[in-house]
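Each chain, written out:
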Amino acid sequence: MPHSPQEKKKVLARVKRIRGQCDALERALEAGADCGPVLQQIAAIRGAVNGLMSEVMEAHLREEFGQPAASEAQRAARVAEMSGLIRSYLK
């Protein structure tokens, strides 16, 4: 989660853009739009969500790994958490 006010504002702006894209997709589907533009909109939404995920993950990495771990157990826990996040991101 972004912690600084600037990062939070930036992430929330991305979410609002994604919401707008989803609303536009919904309207296109309700209107019976052609498949090409619908697929293009879906691809744009996927790209926007991937960008959001990347930004939040980067902020999390900076937060978690910006300071040395207090112990080997903490280091292992941090690595395990990030490995799980990356695995879920790549699915």
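The rules we used
Residues numbered from 1 in each chain as written. Predicted model: local features only at pLDDT ≥ 70, side-chain atom pairs only at ≥ 80, totals over all residues. Heavy atoms only, no water. UniProt positions renumbered as here; feature names shortened; annotations may be inferred. Disulfide = S-S within 2.5 Å. Salt bridge = Lys/Arg side-chain N within 4 Å of Asp/Glu carboxyl O. Helix = DSSP H or I, 4+ residues; strand = E, 2+ residues; numbered from the N terminus. pLDDT = per-residue confidence, 0-100. Patch = residues over 30% accessible without salt bridge, like charges linked within 9 Å, V, L, I, M, F, W, Y side chains within 5 Å. Areas by Shrake-Rupley, 256 points an atom, 1.4 Å probe, with all protein chains shown as cover. Buried < 20%, exposed > 50% of the residue type's maximum accessible area, 1.4 Å probe, protein only. Axes fitted to C-alpha atoms, helices over the stretch in contact; angles between N-to-C directions. Parallel < 35°, antiparallel > 145°, perpendicular 65-115°, else oblique. Contact = heavy atoms within 4.5 Å. Expected span 1.5 Å × (residues − 1).

- The name given to the chain in an unreviewed UniProt entry is Regulator, with Stenotrophomonas ginsengisoli as the source organism.
- For the record of the chain, the UniProt heading Sequence similarities (unreviewed entry) holds the text "Belongs to the FrmR/RcnR family."

1. Focus: the state of the cysteines
Part 1: Applying the stated rule across the entire model yields zero disulfides.
Part 2: The cysteine C22 is free of any disulfide, with C35 supplying the nearest cysteine sulfur at 18 Å.

2. So, the pattern of salt bridges
Part 1: By the definition in use, this model includes four salt bridges.
Part 2: In this structure, the salt-bridge partner of E7 is R62, at a minimum N-O distance of 2.4 Å. Of this pair, E7 sits in helix 1 (residues 5–31) while R62 sits in helix 2 (residues 35–65), and the two are 55 residues apart along the sequence.
Part 3: E58 serves as the salt-bridge partner of R62, at 3.0 Å between the closest nitrogen and oxygen.

3. Some words on the confidence of the model for the chain
Part 1: Of the residues in the chain, 98% have a pLDDT of 70 or more, and the chain-wide mean is 90.
Part 2: Mean pLDDT values for the elements of the chain range from 87 in helix 3 (residues 72–90) up to 95 in helix 1.

4. A short note on a nonpolar patch on the surface
Part 1: Taken together, L61, F65 and V79 make up a surface patch of nonpolar side chains, about 220 Å² in accessible area.
Part 2: Relative to the assigned elements, F65 resides in helix 2.
Part 3: Given the relative accessible area of 35%, F65 is considered partly exposed.

5. What to know about the packing of helix 2 against helix 3
The description of two helices packed together rests on the angle between their axes and the distance between the axes.
Part 1: Contact geometry of helix 2 with helix 3 gives a least axis separation of 12 Å together with a crossing angle of 175°. Put simply, helix 2 runs roughly antiparallel to helix 3. Residue-level inspection shows N50, M53, S54, M57, H60, L61, E64 and F65 of helix 2 in contact with helix 3, the latter providing R78, V79, E81, M82, L85, I86 and Y89.

6. So, helix 2
Part 1: Over its 31 residues, helix 2 runs 44 Å from end to end, which matches the ideal 45 Å to within 8%, given 1.5 Å per residue.
Part 2: Among the structural elements, helix 1 and helix 3 are those in contact with the buried residues of helix 2.

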